[in-house]
Amino acid sequence: MTAAIQAENLVKIYSKSAKSAEKKALEGLSLTIPKGSMFALLGPNGAGKSTFINILAGLARKTSGRVVIDGLDIDADRIESKRRVGIVPQEINIDPFFTPREALEMHAGLYGVPEKKRRTDEILAALGLSDKANAYARSLSGGMRRRLMVAKALVHTPPILILDEPTAGVDVELRQQLWAYVRELNRGGTTVVLTTHYLEEAEELCDTVAIINKGALVALDSVPNLLAKVQHKTLVVQLTEPIAALPEVLLAEGFTLDAKGLKASLSYDPAVKPMDGILRVLSSAALPFRDMSIAAPSLEDVFLAVTKS
Ligand SMILES: Nc1ncnc2c1ncn2[C@@H]1O[C@H](COP(=O)(O)OP(=O)(O)O)[C@@H](O)[C@H]1O
Ligand SMILES: [Mg+2]
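Model, not experiment: these values are computed from the prediction.

## A few points about the site of ligand 1
(1) Moving on: Taken together, Tyr-14, Ser-20, Lys-23, Ala-25, Pro-44, Asn-45, Gly-46, Ala-47, Gly-48, Lys-49, Ser-50 and Thr-51 make up all the residues around ligand 1.
(2) Moving on: Within the side chain of Tyr-14, a nitrogen or oxygen atom sits 3.4 Å from a nitrogen atom of ligand 1.
(3) Moving on: Between ligand 1 and Gly-46 there is a distance of 2.7 Å, counted from an oxygen atom to a backbone nitrogen or oxygen.
(4) Moving on: For ligand 1, whose accessible area on its own is 560 Å², the fraction buried by protein is 66%.
(5) Moving on: Counting only elements with at least two residues in the shell around ligand 1, the list comes to strand S2 (23-34) and helix H1 (49-57).
(6) Moving on: Within the shell around ligand 1, the residues separate by chemical class into four nonpolar, six polar and two charged.

Right, here's the structure in full:
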């Protein structure tokens, strides 16, 4: 397995400024992102995700440690390693006085893409911006600006595409479109790395997930393996009529009641507490209920479990 991105012992300390105290944002992060993967980088706000990505993009300088992009050390091969990635930063920054077409052409020029190799129209079409190709960027909606940012990251056909919270504040339909396109790029061989705080999104889209917290890696695995780490399931019993309080036997079993008094829930580990025992306790309570459901753990449970401390 070749690595698209390899970070070893990465440390980033933002020095003290007039506005903020010294801040250690990355505390020895080591992480390997496999080539061709669809990789999610998750972590609570302030975990260091953007700092990591900005170092990859050459927008922030690492304090120490080593980063290799597509086989190129970012210190030894600054320029070439940067060309291997297309980065969509968290903050939208587009020049309001350029049209999308001009912005892409200019960006391609910056990367030294020869005119006959430019894919401006193809990229505009892929991101649904053809209609707006010649409109000033200041007239674009927030979602269109976000797509223009993605378009800009693609002009030099990078083998690695990195998106930092690309769907924050983007409406659902657009999000689906964007993901469809990103998936297609991934199928074509592009390694895709994204940060998101929509955990369902990572669960649905990505094959591998890294969770970082306080500047360090706390989990790295495939989605099924991560889910297997969280054993507990949730049983929800829908009562026929609202009740004021749960019977003592159910409280003792660990059930809780929702605010409306209509749902009794139990978080349980099937390995420790098999369902047949729970059902016996439930029927001994003789509480009329009309339905029940069991929810498997989600990536959110994993996330909460590993970022608790
Ligand atoms: N330019 C900066 N100067 C000082 N501190 C910063 C700067 N950028 C980020 N930080 C701090 O570094 C930590 C990590 O931030 P960031 O990488 O943006 O996290 P995330 O993207 O995971 O939310 C936070 O505590 C943040 O306040
Ligand atoms: Mg961020």
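Moving on from the model shown.
## Considerations on the coordination of the magnesium ion (ligand 2)
(1) Moving on: The protein atoms that coordinate the magnesium ion (ligand 2) are Ser-50 (OG) and Gln-90 (OE1), at distances spanning 2.1 to 2.2 Å. Remark: Gln-90 occurs in the loop between strand S6 (85-88) and helix H3 (100-110) and Ser-50 occurs in helix H1; sequence separation between them is 40 residues.
(2) Moving on: Gln-90 sits in the partly exposed class, given a relative accessible area of 32%.

## Observations concerning the environment of Val-67
(1) Moving on: Here Val-67 is to be found in strand S4 (residues 64-69).
(2) Moving on: Residue classification places Val-67 among the buried residues on the basis of a relative accessible area of 0%.
(3) Moving on: Put simply, Val-67 and Ser-81 are 14 residues apart on the chain and 9.8 Å apart in space, counted from C-alpha to C-alpha.
(4) Moving on: When residues no more than four places from it in sequence are discounted, the contact partners of Val-67 are Gln-6, Leu-10, Ile-55, Leu-56, Lys-62, Leu-72, Asp-73 and Ile-74.

## Some words on the domain arrangement of the chain
Where interface size is quoted, it is often the accessible area lost as the parts come together.
(1) Moving on: When cut into domains, the chain gives domain 1 (3-228) and domain 2 (230-306).
(2) Moving on: Centre-to-centre separation of domain 1 and domain 2, based on C-alpha positions: 41 Å.
(3) Moving on: Each side of the interface is counted separately: domain 1 has 13 residues, and domain 2 has nine residues.
(4) Moving on: Here domain 1 meets domain 2 over a buried area of about 970 Å², counting both sides, of which 73% is carbon and sulfur.
(5) Moving on: The largest contributions to the domain 1 side of the interface with domain 2 come from Leu-199, Ile-211 and Leu-227, which together make up 48% of the buried area.
(6) Moving on: Linking domain 1 with domain 2 are four residue pairs in polar contact (both at pLDDT 80 or more), by the criterion used here.
(7) Moving on: Of all the elements in the fold, those that place two or more residues in the side of domain 1 that touches domain 2 are helix H7 (199-205), strand S9 (208-213), strand S10 (216-222) and helix H8 (223-229).

Criteria and thresholds
- Residues numbered from 1 in each chain as written.
- Chains lettered and ligands numbered in written order.
- Predicted model: local features only at pLDDT ≥ 70, side-chain atom pairs only at ≥ 80, totals over all residues.
- Heavy atoms only, no water.
- Near = heavy atom within 4 Å.
- Polar contact = N/O pair within 3.5 Å; in protein donor to acceptor, adjacent residues only side chain to side chain.
- Areas by Shrake-Rupley, 256 points an atom, 1.4 Å probe, with all protein chains shown as cover.
- Helix = DSSP H or I, 4+ residues; strand = E, 2+ residues; numbered from the N terminus.
- Nonpolar A, V, L, I, M, F, W, Y, C, P; charged D, E, K, R; others polar.
- Donors = N, O, S within 2.8 Å, 3.2 Å for Na, K, Ca; no water.
- Buried < 20%, exposed > 50% of the residue type's maximum accessible area, 1.4 Å probe, protein only.
- Contact = heavy atoms within 4.5 Å.
- Domains from an automatic or database assignment.
- Buried area = accessible area lost by both parts, 1.4 Å probe.

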